[in-house]
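Spelled out from the first residue to the last, the chains are:
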Amino acid sequence: MEHGSVEAEVPAAGLISLTDVMGSLVKVFVLTIPFLVESGIFVSRSMAAKLNRPIQQKQIKTDVKVSIHMRADGTIELNKKVVTQEQLEDLVPKLLARSIEKNALLSADNEVVYDNVVQMIDFLKSKGAGDVLIMKRGG
Amino acid sequence: MAKAKGGEGEVAQAVFNLANIFAFIFITLIIASKQMFQSTSVEVEVPKAKVIEADLEQSIAVSIKKDRTLYFKDKQVDLQTLTQLVKQAQEEYKSKNPDAEMGEQLVVIRADKSVDWKTVLDAIDAVKRGGSKRITLAVIKRTT
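Predicted model, so just to flag it, every value in this text is computed and none were measured. (Residues numbered from 1 in each chain as written. Chains lettered and ligands numbered in written order. Predicted model: local features only at pLDDT ≥ 70, side-chain atom pairs only at ≥ 80, totals over all residues.)

A.B. asks: So what about the environment of Phe42(A)? Which residues, and what values?
C.D. replies: Positionally, Phe42(A) belongs in strand S1 (residues 38–42). Between the alpha carbons of Phe42(A) and Asp73(A) there is a distance of 26 Å; along the sequence they are 31 residues apart. When sequence neighbours within four positions are dropped, the list of residues in contact with Phe42(A) reads Glu53(B), Ala54(B) and Thr136(B). (Helix = DSSP H or I, 4+ residues; strand = E, 2+ residues; numbered from the N terminus. Contact = placed C-beta atoms within 7 Å.)

In structure tokens, the structure reads:
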């Protein structure tokens, strides 16, 4: 009789562990959902369709203090001057702090890899840029 | 004693059932996760970003694969067709939501991270020509 009782308890203990493991897996999965789900970065006021010539940039009535151009060779221009990544990280927050609307202009050569452009948008937003206005250069 | 043993058996059975239910939920979540959280079945490796701004529910998906092929939802299209389809979708959205402004439905550009910027920019142009005012670039949240 006692022997039978022990037999009944052993699988129950194993199943409780299994339940805990499965429960933990479901919790981990639910917690990692935000890192699996696609979200979005706004290209809210894209002027891509409107701005075909650089001269038309003058018509934008904003107080944009940050204008970045990404070249195909990997160099970055900040307000028409080539800067290093370190200088960019130092200057962008200072320039944005002087801006009221905190908008930034971003353009890139056609050959630039999309991922690099997204990283730049991400960088600008993380440094406090409100909107990153995507510009299309003529050509 | 026999009654107690029967009770233990019932508990074991209940725990076993619970474990099965958890396993079923977990497997279902894994299998369905992509379909649950994506508005299209087009496979694209989107970039990662720290800053997340938009929830992509009820958005129109425009995908760009690594080979630069363009998709409106699940249908392969060219740029001109994309503009027309976006325009139609925005008109449908407006007719279903009279209070909404024309072009208010969110369009999400799901581009593979390895494509060139011009391809993405051309798609954004086409979507804007279709009257869309709200456009986002799809990203996945970066952990570090």
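A.B. asks: Residue-level account of helix H2 (residues 85–97) of chain A, with values.
C.D. replies: Taking 1.5 Å of rise per residue, the 13 residues of H2(A) would be expected to cover 18 Å, and the 19 Å separating its terminal C-alpha atoms lies within 8% of that figure. Where H2(A) bends most, at Leu91(A), the angle is about 25°, and the proline Pro93(A) comes one to four residues later. (Expected span 1.5 Å × (residues − 1). Bend = angle between axes of the 7 residues up to and from the residue.)

A.B. asks: Can you lay out the sheet that holds strand S2 (residues 66–70) of chain A for me, pointing to particular residues and giving the numbers?
C.D. replies: Residues and elements named next belong to chain A. Reading across from one edge, S4-S3-S2-S5-S6 is the order of the five strands in this open sheet, with mixed pairing throughout. A strand with exactly one partner marks an edge of an open sheet, and here the two such strands are strand S4 (81–83) and strand S6 (132–134). Along the sheet, successive strands turn relative to each other by an average axial angle of 30°, direction set aside. In the sheet, strand S5 (residues 104–108) pairs with S6 via three bridges, with the strands oriented parallel. Counted as the bridge partner of Ala104 is Val132 from S6. (Pairing = 2+ DSSP bridges. Axes fitted to C-alpha atoms, helices over the stretch in contact; angles between N-to-C directions.)

A.B. asks: Could you give an account of the interface of chain B and chain A, with specific residues and numbers?
C.D. replies: Often the size quoted for an interface is simply the accessible area lost on bringing the parts together. Each side of the interface is counted separately: chain B has 51 residues, and chain A has 43 residues. Secondary-structure elements contributing two or more residues to the side of chain B that touches chain A are helix H1 (2–37), strand S5 (107–111), helix H3 (117–129) and strand S6 (135–141) of chain B. Of the residues forming the side of chain B that touches chain A, the biggest block, 16 residues, is contributed by H1(B). Across the side of chain B that touches chain A, the residue classes tally to 32 nonpolar, six polar and 13 charged. (Nonpolar A, V, L, I, M, F, W, Y, C, P; charged D, E, K, R; others polar.)

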